[in-house]
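One letter stands for each residue in the lines below.
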Amino acid sequence: LRSIQGTPDYLKECFREDIRRQIALAAKELRERKIRRLIFTGCGTSLMIAHQAQRLFYVLAGAEGYVVEAFEQLHYPTMDLGPSDALVAYSHTVGTKAVCDLCKAGRRQGVFTIGMTEVTNSRLHQSCDVCIVGPGGKDEATPKTRSYSTGLMISAMLACAWKGDGAHGAMEKLSLLPQRC
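This report concerns the structure included in the present document. (Residues numbered from 1 in each chain as written. Predicted model: local features only at pLDDT ≥ 70, side-chain atom pairs only at ≥ 80, totals over all residues. Heavy atoms only, no water.)

1. Section: the pattern of salt bridges
Consideration 1: On inspection of all chains with the given rule, the structure shows 8 salt bridges.
Consideration 2: Put simply, Arg16 and Asp18 hold a salt bridge, and the shortest N to O gap is 3.0 Å.
Consideration 3: Judged by its relative accessible area of 31%, Arg16 falls in the partly exposed class.
Consideration 4: Taking the relative accessible area as the measure of exposure, Asp18 reaches 31% and is therefore partly exposed.
Consideration 5: We note a salt bridge from Arg37 to Asp85, for which the minimum N-O separation is 2.7 Å. Placement of Arg37 in strand E1 (residues 37–42) and of Asp85 in strand E3 (residues 85–90) is noted, with a sequence separation of 48 residues between them. Side by side, Arg37 and Asp85 carry an identical accessibility label, which is buried. (Salt bridge = Lys/Arg side-chain N within 4 Å of Asp/Glu carboxyl O. Buried < 20%, exposed > 50% of the residue type's maximum accessible area, 1.4 Å probe, protein only. Helix = DSSP H or I, 4+ residues; strand = E, 2+ residues; numbered from the N terminus.)

2. Overview of the pairing of strand E4 (residues 112–117)
Consideration 1: Across the 6 residues that make up E4, a large majority, 6, are buried.
Consideration 2: The alternating pattern of E4 places Phe112, Ile114 and Met116 on one face and Thr113, Gly115 and Thr117 on the opposite face, and all of these are buried.
Consideration 3: Relative to strand E5 (residues 130–133), E4 runs parallel, the two sharing 4 bridges. Paired with Gly115 across the bridge in E5 is Cys131. (Pairing = 2+ DSSP bridges.)

Okay, here's the thing in structure tokens:
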């Protein structure tokens, strides 16, 4: 219950300067590398965030994106990945092996990899080019309410930062959401 009640505070913390810097770095790399396709991945509830994040990127940034389950893409690839792709990988649990392994494989193919987690210095951190760490810390709760909410907020923030001025004030609108919870 405490995790659910604290959600507005965790969403506010997504706007901390250190997190905004991580988001700005990832957005800058997306622009400079001229990324054309975003591949979102995770396992379990992290995969559910990936599905929602793909939709957020489409709505907020007009980005072409796909969702793949990390284990399946790693062992039974459904698409070829290369330098014009970015892999956005989600993991609540410090770094699910399949997610980390897919990021490492993607990097070997020239894919720009962005990790999304709530835990600093995780295996996901070590597997990605850039890792954005949310404010929630390791989410022990079974439904992952806190890390799911902050993961979506940070994904929306990244989509807006990547789009820049074309997001029509969406970042400012996002900053008001925690007050409405």
